[in-house]
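Tertiary structure, described
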Amino acid sequence: DVFEGIAATDALNIKKNVDLNPVDAIKNLCMRLAFSSKVYVYGQGYASAAAQYLCCYLSMLLPNVCNVNMTGIDPMTAISDIDSGDMLLVISFPVHSENTKKMAAYARYREACVATISEGAHSETAEYADISLISEYGDYGINGTLAPLISLCGSIICLLAKNDEKAQKKLRLSEEAVGF
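So, here's what we can say about the structure.

Analysis parameters
- Residues numbered from 1 in each chain as written.
- Predicted model: local features only at pLDDT ≥ 70, side-chain atom pairs only at ≥ 80, totals over all residues.
- Heavy atoms only, no water.
- Buried < 20%, exposed > 50% of the residue type's maximum accessible area, 1.4 Å probe, protein only.
- Helix = DSSP H or I, 4+ residues; strand = E, 2+ residues; numbered from the N terminus.
- Pairing = 2+ DSSP bridges.
- Right-handed = clockwise from strand over helix to strand, strands pointing away.

So, about the pairing of strand β4 (residues 113–118). Judged by how many residues are buried, β4 sits mostly within the fold: six of six residues are covered. Of the two faces of β4, both are covered, the one formed by C113, A115 and I117 as well as the one formed by V114, T116 and S118. Relative to β4, strand β3 (residues 87–91) is paired through five bridges, and the arrangement is parallel. Directly across from M87, in β4, lies its bridge partner C113. In this view, the connection linking β3 to its parallel neighbour β4 by way of helix α5 (residues 98–109) has right-handed handedness. With four bridges connecting them, β4 and strand β5 (residues 131–134) associate as parallel partners. Note on β5: the bridge partner recorded for I117 is L133.

This is the structure in structure tokens:
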């Protein structure tokens, strides 16, 4: 059955993510997120869904988050004011577009922190990164789904909120409001 195969692949890929990313790397990303003046998140192609998911929660927890995919303008224009103290988080898998690599290079040039979630440390986008996380991604959704990537994004949110009572309260209140 096709769906059983996809579910099995997703379960294996989620486990691989745990093995591929040391907890310290995710904690480091969370620390940098918490102290960034502004966080820009960009998801290339089908990874834009993960960027949207991550931005939804980051916007509840952090004061200044920009979902580059949702600005309605060219991504380079959307990050044109990035500066030191800011962070660009790029979620990208092969084939990495020239625009995605250009964004990471520009953020690096402007002395912003660059974080990537990609297929590995040797990714074309990870070479610009201060922080690089790895996610399994299936074969462009054909042999698996975005579940491993979404799971990694969920881990980031949980660690970010773990020791922050204010963040936990915001998450509880948003859940309460949705259930109202």
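On we go.
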